[in-house]
Amino acid sequence: MRHVQVHLLPELVAPDRLAGGVAVVIDVLRATTTIVHALAAGCLAVRPCAEIDEARTLADSLPAGKVLLGGERNGKPLPGFDLGNSPRAYTASVCRGMILVLTTTNGTRALVRAASAARTLVAAFVNYSAVCEQLRAEMRPVHILCAGNAGEIALEDTLLAGALVDYLCEVGDTQLNDAARLAWDCFEMHGQVLAGALEVCAGGVGLRSLGYDEDIRSAASVDSLGLVPELRSDPLRVEVSAVGIGKSHWR
(Lines give C-alpha, C1' and ligand atoms only; values in the text may rest on other atoms or scores of the structure.)
Protein backbone atom coordinates (compact mmCIF):
# COMPACT_ATOMS: atom_id res chain seq x y z
CA MET A 1 0.00 0.00 0.00
CA ARG A 2 1.27 3.44 -0.95
CA HIS A 3 1.29 6.14 1.73
CA VAL A 4 0.31 9.55 0.32
CA GLN A 5 0.44 12.65 2.46
CA VAL A 6 -0.42 16.20 1.49
CA HIS A 7 1.12 19.08 3.41
CA LEU A 8 -0.90 22.22 2.72
CA LEU A 9 1.97 24.47 3.80
CA PRO A 10 5.72 23.75 3.97
CA GLU A 11 5.76 24.61 7.66
CA LEU A 12 3.34 21.76 8.39
CA VAL A 13 5.96 19.08 7.76
CA ALA A 14 9.38 18.79 9.37
CA PRO A 15 12.12 18.22 6.79
CA ASP A 16 13.23 15.01 8.49
CA ARG A 17 9.77 13.50 7.89
CA LEU A 18 10.49 13.66 4.16
CA ALA A 19 13.63 11.54 4.43
CA GLY A 20 13.31 8.30 2.49
CA GLY A 21 10.21 9.48 0.65
CA VAL A 22 9.31 11.18 -2.61
CA ALA A 23 8.40 14.86 -2.33
CA VAL A 24 6.32 16.65 -4.93
CA VAL A 25 6.60 20.43 -4.66
CA ILE A 26 3.73 22.58 -5.93
CA ASP A 27 3.52 26.34 -6.44
CA VAL A 28 1.06 26.71 -9.30
CA LEU A 29 1.05 30.54 -9.22
CA ARG A 30 3.80 30.67 -10.24
CA ALA A 31 7.17 29.20 -9.30
CA THR A 32 6.75 25.56 -10.30
CA THR A 33 4.92 26.56 -13.48
CA THR A 34 7.80 28.91 -14.30
CA ILE A 35 10.44 26.26 -13.58
CA VAL A 36 8.78 23.82 -15.98
CA HIS A 37 8.57 26.53 -18.65
CA ALA A 38 12.20 27.57 -18.16
CA LEU A 39 13.52 24.02 -18.49
CA ALA A 40 11.27 23.33 -21.48
CA ALA A 41 12.67 26.47 -23.11
CA GLY A 42 16.24 25.24 -22.78
CA CYS A 43 17.57 26.24 -19.37
CA LEU A 44 20.20 23.71 -18.32
CA ALA A 45 19.23 23.93 -14.66
CA VAL A 46 17.36 26.05 -12.15
CA ARG A 47 19.17 26.96 -8.93
CA PRO A 48 16.50 27.71 -6.28
CA CYS A 49 17.31 30.21 -3.55
CA ALA A 50 15.24 31.12 -0.52
CA GLU A 51 16.58 34.67 -0.16
CA ILE A 52 17.23 37.57 -2.53
CA ASP A 53 20.81 38.23 -1.42
CA GLU A 54 21.60 34.53 -1.72
CA ALA A 55 20.37 34.56 -5.31
CA ARG A 56 22.42 37.61 -6.22
CA THR A 57 25.57 36.13 -4.69
CA LEU A 58 25.07 32.82 -6.47
CA ALA A 59 24.42 34.48 -9.82
CA ASP A 60 27.58 36.56 -9.45
CA SER A 61 29.60 33.39 -8.83
CA LEU A 62 28.50 31.71 -12.06
CA PRO A 63 30.09 32.30 -15.51
CA ALA A 64 29.11 35.62 -17.03
CA GLY A 65 26.79 35.32 -19.99
CA LYS A 66 25.55 31.89 -18.90
CA VAL A 67 23.25 32.83 -16.04
CA LEU A 68 19.79 34.35 -15.72
CA LEU A 69 18.71 35.93 -12.45
CA GLY A 70 14.97 35.61 -11.96
CA GLY A 71 12.55 36.15 -9.14
CA GLU A 72 9.86 38.14 -7.40
CA ARG A 73 8.50 39.22 -4.08
CA ASN A 74 4.77 39.62 -3.61
CA GLY A 75 4.32 38.98 -7.32
CA LYS A 76 6.53 41.86 -8.46
CA PRO A 77 9.86 41.52 -10.33
CA LEU A 78 12.96 42.37 -8.31
CA PRO A 79 15.14 45.40 -9.12
CA GLY A 80 18.26 44.48 -11.06
CA PHE A 81 17.03 40.98 -11.92
CA ASP A 82 16.90 39.78 -15.52
CA LEU A 83 13.39 38.32 -15.26
CA GLY A 84 10.50 38.09 -12.86
CA ASN A 85 8.37 35.02 -12.21
CA SER A 86 6.16 35.08 -15.31
CA PRO A 87 6.34 31.71 -17.09
CA ARG A 88 5.65 33.39 -20.44
CA ALA A 89 8.89 35.37 -20.17
CA TYR A 90 10.99 32.21 -20.18
CA THR A 91 11.25 31.67 -23.92
CA ALA A 92 13.75 29.64 -25.90
CA SER A 93 15.57 32.76 -27.11
CA VAL A 94 16.17 33.80 -23.51
CA CYS A 95 16.74 30.43 -21.84
CA ARG A 96 18.64 28.17 -24.20
CA GLY A 97 21.93 27.06 -22.63
CA MET A 98 21.48 29.21 -19.52
CA ILE A 99 21.40 28.47 -15.80
CA LEU A 100 18.49 30.15 -14.03
CA VAL A 101 19.00 31.36 -10.48
CA LEU A 102 15.50 31.80 -9.08
CA THR A 103 14.10 33.19 -5.84
CA THR A 104 10.38 33.58 -5.20
CA THR A 105 8.12 34.45 -2.31
CA ASN A 106 6.90 30.89 -1.72
CA GLY A 107 7.93 28.25 -4.24
CA THR A 108 11.70 28.24 -4.04
CA ARG A 109 11.52 28.16 -0.23
CA ALA A 110 9.32 25.07 -0.47
CA LEU A 111 11.85 23.45 -2.81
CA VAL A 112 14.72 24.10 -0.43
CA ARG A 113 12.66 22.63 2.43
CA ALA A 114 12.01 19.47 0.40
CA ALA A 115 15.69 18.80 -0.27
CA SER A 116 15.83 16.18 2.50
CA ALA A 117 13.54 13.81 0.57
CA ALA A 118 15.06 10.86 -1.25
CA ARG A 119 13.57 12.26 -4.46
CA THR A 120 11.93 15.65 -5.10
CA LEU A 121 9.81 16.37 -8.17
CA VAL A 122 8.46 19.71 -9.36
CA ALA A 123 4.78 19.72 -10.33
CA ALA A 124 2.37 22.13 -11.97
CA PHE A 125 -0.80 21.67 -13.98
CA VAL A 126 1.28 22.13 -17.13
CA ASN A 127 3.16 18.87 -16.47
CA TYR A 128 0.51 17.02 -14.48
CA SER A 129 0.40 13.75 -16.44
CA ALA A 130 4.19 13.58 -16.77
CA VAL A 131 4.47 13.78 -12.97
CA CYS A 132 1.73 11.15 -12.61
CA GLU A 133 3.78 8.79 -14.77
CA GLN A 134 6.79 9.23 -12.51
CA LEU A 135 4.71 8.56 -9.39
CA ARG A 136 3.00 5.50 -10.83
CA ALA A 137 5.89 3.14 -10.04
CA GLU A 138 6.95 4.81 -6.78
CA MET A 139 6.16 2.72 -3.72
CA ARG A 140 8.03 4.95 -1.32
CA PRO A 141 5.89 7.35 0.75
CA VAL A 142 4.73 10.31 -1.34
CA HIS A 143 4.71 13.75 0.28
CA ILE A 144 2.90 16.42 -1.75
CA LEU A 145 4.19 19.76 -0.50
CA CYS A 146 2.13 22.88 -1.27
CA ALA A 147 3.99 26.19 -1.20
CA GLY A 148 0.95 28.21 -0.16
CA ASN A 149 0.59 31.96 -0.43
CA ALA A 150 2.46 34.10 2.11
CA GLY A 151 1.91 31.59 4.91
CA GLU A 152 -1.70 30.80 4.01
CA ILE A 153 -3.13 27.73 2.30
CA ALA A 154 -3.53 28.29 -1.44
CA LEU A 155 -6.53 26.97 -3.37
CA GLU A 156 -4.56 26.46 -6.58
CA ASP A 157 -1.88 24.33 -4.89
CA THR A 158 -4.50 22.32 -3.01
CA LEU A 159 -6.32 21.67 -6.30
CA LEU A 160 -3.24 20.20 -7.94
CA ALA A 161 -2.43 18.18 -4.83
CA GLY A 162 -5.96 16.78 -4.99
CA ALA A 163 -5.58 15.91 -8.67
CA LEU A 164 -2.42 13.94 -7.86
CA VAL A 165 -4.18 12.17 -4.98
CA ASP A 166 -7.04 11.33 -7.34
CA TYR A 167 -4.64 9.71 -9.80
CA LEU A 168 -2.70 7.79 -7.14
CA CYS A 169 -5.91 6.42 -5.63
CA GLU A 170 -6.99 5.30 -9.10
CA VAL A 171 -3.85 3.28 -9.84
CA GLY A 172 -3.35 1.54 -6.50
CA ASP A 173 -4.20 1.09 -2.85
CA THR A 174 -3.32 4.20 -0.88
CA GLN A 175 -3.31 5.35 2.70
CA LEU A 176 -4.08 9.07 2.92
CA ASN A 177 -3.68 11.67 5.62
CA ASP A 178 -6.52 14.06 6.32
CA ALA A 179 -4.96 16.85 4.26
CA ALA A 180 -4.83 14.52 1.26
CA ARG A 181 -8.56 13.83 1.66
CA LEU A 182 -9.26 17.55 1.93
CA ALA A 183 -7.25 18.20 -1.24
CA TRP A 184 -9.04 15.39 -3.02
CA ASP A 185 -12.41 16.87 -2.06
CA CYS A 186 -11.21 20.26 -3.32
CA PHE A 187 -10.32 18.74 -6.68
CA GLU A 188 -13.69 16.98 -6.91
CA MET A 189 -15.41 20.33 -6.32
CA HIS A 190 -13.30 22.65 -8.47
CA GLY A 191 -11.29 20.49 -10.89
CA GLN A 192 -13.75 20.86 -13.75
CA VAL A 193 -13.62 24.66 -13.56
CA LEU A 194 -9.87 24.95 -13.19
CA ALA A 195 -9.29 28.24 -15.02
CA GLY A 196 -12.08 29.91 -13.08
CA ALA A 197 -10.77 28.58 -9.76
CA LEU A 198 -7.31 29.98 -10.50
CA GLU A 199 -8.80 33.38 -11.29
CA VAL A 200 -10.79 33.69 -8.05
CA CYS A 201 -8.23 32.28 -5.61
CA ALA A 202 -6.22 34.82 -3.61
CA GLY A 203 -3.08 34.21 -5.68
CA GLY A 204 -4.99 34.70 -8.91
CA VAL A 205 -6.68 37.86 -7.68
CA GLY A 206 -3.28 39.25 -6.73
CA LEU A 207 -1.78 38.45 -10.11
CA ARG A 208 -4.73 39.97 -11.94
CA SER A 209 -4.30 43.17 -9.96
CA LEU A 210 -0.70 43.32 -11.23
CA GLY A 211 -1.73 42.67 -14.84
CA TYR A 212 -0.62 39.03 -15.04
CA ASP A 213 -3.89 37.57 -16.31
CA GLU A 214 -2.06 35.61 -19.02
CA ASP A 215 0.10 33.93 -16.39
CA ILE A 216 -3.03 32.50 -14.79
CA ARG A 217 -4.19 31.11 -18.11
CA SER A 218 -0.74 29.63 -18.71
CA ALA A 219 -0.77 27.98 -15.29
CA ALA A 220 -4.18 26.41 -16.02
CA SER A 221 -2.99 24.80 -19.28
CA VAL A 222 -3.06 21.15 -18.23
CA ASP A 223 -0.42 18.89 -19.81
CA SER A 224 0.93 21.57 -22.13
CA LEU A 225 4.51 20.53 -21.31
CA GLY A 226 5.69 16.95 -21.02
CA LEU A 227 8.68 17.05 -18.74
CA VAL A 228 9.40 16.38 -15.09
CA PRO A 229 11.92 18.56 -13.24
CA GLU A 230 13.73 16.91 -10.36
CA LEU A 231 15.77 18.45 -7.55
CA ARG A 232 19.41 17.37 -7.41
CA SER A 233 21.99 18.05 -4.73
CA ASP A 234 25.62 19.20 -4.54
CA PRO A 235 24.90 21.80 -5.75
CA LEU A 236 21.16 22.18 -5.17
CA ARG A 237 19.60 22.46 -8.61
CA VAL A 238 16.54 21.41 -10.61
CA GLU A 239 17.08 19.54 -13.86
CA VAL A 240 14.91 17.60 -16.29
CA SER A 241 14.69 13.97 -15.22
CA ALA A 242 12.04 12.68 -17.64
CA VAL A 243 10.38 13.77 -20.85
CA GLY A 244 7.10 12.60 -22.36
CA ILE A 245 3.51 12.73 -21.20
CA GLY A 246 2.12 9.66 -22.91
CA LYS A 247 -1.51 9.21 -21.98
CA SER A 248 -3.19 12.18 -20.30
CA HIS A 249 -4.40 11.34 -16.80
CA TRP A 250 -6.49 14.46 -16.37
CA ARG A 251 -10.21 13.99 -15.87
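The sections below set out a description of the structure shown in this document. Within every chain, residues take consecutive numbers counted from 1 along the sequence as written. Side-chain atom pairs in this predicted model are given and counted only at pLDDT of 80 or more, local residue features only at pLDDT of at least 70, and totals for whole chains, interfaces and linings cover all residues. Excluded from the side-chain calculations are hydrogens and water; all other atoms, namely the structure's heavy atoms, are used.

## Details of the packing of helix 6 (residues 155–171) against helix 7 (residues 178–190)
Item 1. Helix 7 packs onto helix 6 with a crossing angle of 100° between their chain directions and a minimal axis gap of 7 Å. Considering the angle they form, helix 6 stands roughly perpendicular to helix 7. Contacts between helix 6 and helix 7 pair Leu-155, Thr-158, Leu-159, Ala-161, Gly-162, Ala-163, Val-165, Asp-166 and Cys-169 from the former with Ala-180, Ala-183, Trp-184, Cys-186, Phe-187, Glu-188 and His-190 from the latter. To get an axis, a line is fitted to the C-alpha atoms, and for a helix only the part in contact is used. The angle between two axes follows their N-to-C directions and goes from 0 to 180 degrees. In DSSP terms, a helix is any run of H or I states spanning at least four residues, a strand is any run of E spanning at least two, and both are numbered starting from the N terminus. An angle below 35 degrees is treated as roughly parallel, one above 145 as roughly antiparallel, one from 65 to 115 as roughly perpendicular, and anything else as oblique. The contact rule is simple, with two residues in contact once any of their heavy atoms fall within 4.5 Å.

## Re the pairing of strand 7 (residues 119–123)
Item 1. The element strand 7 is extensively covered by neighbouring structure, given that five of its five residues are classed as buried.
Item 2. For every residue, the accessible area (1.4 Å probe, protein chains only) is compared with the maximum for its type, and the residue is labelled buried under 20%, exposed over 50%, or partly exposed between those bounds. Both faces of strand 7 are covered, namely the face carrying Arg-119, Leu-121 and Ala-123 and the face carrying Thr-120 and Val-122.
Item 3. Relative to strand 7, strand 2 (residues 22–26) runs parallel, the two sharing five bridges. The residue bridging Val-22 from the neighbouring strand is Arg-119, located in strand 7. Strands pair, by our definition, only if DSSP identifies at least two bridges between them.

## Digging into the nonpolar core
Within soluble globular proteins, side chains that are nonpolar generally end up buried alongside one another.
Item 1. By nonpolar core we mean a set of buried residues, namely Ala, Val, Leu, Ile, Met, Phe, Trp, Tyr and Cys, connected to one another through side-chain atoms within 4.5 Å. Counting residues in hydrophobic clusters, the biggest one holds 44 residues, and the most contacted among them are Val-6, Leu-135, Ile-144, Leu-164 and Leu-198.
Item 2. The leading source of residues in this core is helix 6, at eight residues.
Item 3. Setting aside anything within four residues of it in sequence, one finds Leu-198 in contact with Val-28, Leu-29, Phe-125, Glu-156, Leu-159, Gly-204, Ile-216, Ala-219 and Ala-220.
Item 4. Judged by nonpolar contacts, the second largest core, of 31 residues, contains Ala-23, Leu-68, Ala-117 and Leu-231.

## Section: the layout of surface pockets
Item 1. Approximately 290 Å³ is the volume attributed to the largest pocket.
Item 2. Along the wall of the largest pocket there are 18 residues; nearest its centre are Leu-29, Asn-74, Gly-75, Asn-106 and Asn-149.
Item 3. If you tally residues by element for the lining of the largest pocket, the top one is helix 9 (residues 202–209), at four residues.
Item 4. For the lining of the largest pocket, a count of residues per class yields five nonpolar, nine polar and four charged. The method works on a 1 Å grid over the protein atoms by themselves. A cavity is a set of points holding a 1.4 Å probe that cannot get out, a pocket is an open set with protein on both sides within 12 Å along at least five of seven lines, and residues with an atom within 4 Å of a point line them. Grid points are joined across faces, edges and corners, and a volume is the space filled by probe spheres set on the points. Under this grouping Gly is polar, as are all residues other than the nonpolar Ala, Val, Leu, Ile, Met, Phe, Trp, Tyr, Cys and Pro and the charged Asp, Glu, Lys and Arg.

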